[in-house]
Amino acid sequence: MENPFDDTYFMKRALQEAELAFEKGEIPVGAVIVIDNRIIARGHNLTETLNDVTAHAEMQAITAAANFLGGKYLQNCTLYVTLEPCQMCAGALYWSQISNIVYGARDEQRGCINLNTKLHPKTIMKGGVLEAQASELMKRFFIEKRNLN
């Protein structure tokens, strides 16, 4: 029997979070954190809503997961995020000691890969999960934003 809880399943949940951000006029990035096939935290960009440059989807999810677990380390957890983490979020993920990061679309300009940002040595990162959907949502957001200005 196929496991219904695979990377695609959880990335779809992250995309739902990104849609919430989109609806609020936020850059559409969404994230969920999973442990033992269970979502323990959700987040989406809230930088405009909170007037806080650090209110990225990953940061929201990291805080929620740490609160859920009762500790700052996210070992044995997987972050699913629709866009490759930026340098700030990668730094927070480093300190959280998260085990896995799965992202949808690459961020060629601000992503942690091109900036050679270090992750925790035990963290495994994988990209390209539902990349087309994540990329399309981002493109649609910026096209609509340009058309409003």
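Residues numbered from 1 in each chain as written. Predicted model: local features only at pLDDT ≥ 70, side-chain atom pairs only at ≥ 80, totals over all residues. Heavy atoms only, no water.

As a reminder, the rule being used: UniProt positions are given in the numbering used here, feature names are shortened, and annotations may be inferred rather than shown by experiment.
In the annotation of an unreviewed UniProt entry, the protein chain is listed under the name tRNA-specific adenosine deaminase and assigned to Aestuariibaculum marinum. Regarding the protein chain, the UniProt comment filed under Subunit (unreviewed entry) reads as follows: "Homodimer." Of the comments in the UniProt record for the protein chain, the one headed Catalytic activity (unreviewed entry) reads "adenosine(34) in tRNA + H2O + H(+) = inosine(34) in tRNA + NH4(+)".

**Here's the deal with the overall build of the protein chain**
Just so we agree on the cut-off: Counting from the N terminus, the helices are DSSP H or I runs at least four residues long and the strands are E runs at least two residues long. With C-alpha atoms as the basis for the radius of gyration, the globule rule is written as 2.2 Å multiplied by the number of residues raised to the power 0.38. Buried, partly exposed and exposed residues are distinguished by accessible area as a fraction of the type maximum, computed with a 1.4 Å probe on protein chains only: under 20%, between the cut-offs, and over 50%, respectively. Contacts are residue-level and defined by heavy atoms, with any inter-residue pair within 4.5 Å sufficient. Each accessible area value is a Shrake-Rupley result obtained with a 1.4 Å probe; residue values ignore everything except the protein chains displayed when judging cover. As used throughout, the charge tally considers Lys and Arg to be positive and Asp and Glu to be negative, leaving His and the chain termini uncounted. By convention, charge coordinates are those of NZ in Lys, CZ in Arg, CG in Asp, or CD in Glu.
Looking only at helices and strands, one finds five helices and five strands in the protein chain. Listing each helix as α and each strand as β along the protein chain from the N terminus yields α-β-β-α-α-β-α-β-β-α. The C-alpha radius of gyration computed for the protein chain amounts to 14 Å, which stays within 12% of the reference 15 Å derived for 149 residues, consistent with globular compactness. In terms of its C-alpha atoms, the protein chain occupies a principal-axis envelope of roughly 45 × 40 × 30 Å. Counting all 149 residues of the protein chain, 46% fall into the buried class. Pairs at least 24 apart in sequence give 56% of the contacts found in the protein chain among residues at least 6 apart. A total of about 8,300 Å² of accessible surface is found on the protein chain, and carbon and sulfur atoms cover 51% of it. Side chains of the protein chain carry 15 positive and 17 negative charges; the gap between the two charge centres is 3 Å.

**What about helix α1 (residues 7-23)?**
The condition is simple: Here the expected length of a helix is defined as 1.5 Å per residue gap, with one fewer gap than residues. For this quantity, the arc is that covered by the directions from the helix axis to the C-beta atoms.
Between its terminal C-alpha atoms α1 stretches 24 Å, which fits the 24 Å expected from 17 residues at 1.5 Å a residue. Within α1 the residues assigned to the buried category are Asp7, Phe10, Met11, Ala14, Leu15, Glu17, Ala18, Ala21 and Phe22. The arc that holds the buried residues of α1, viewed along the axis, is 160 degrees, so those residues lie on one side.

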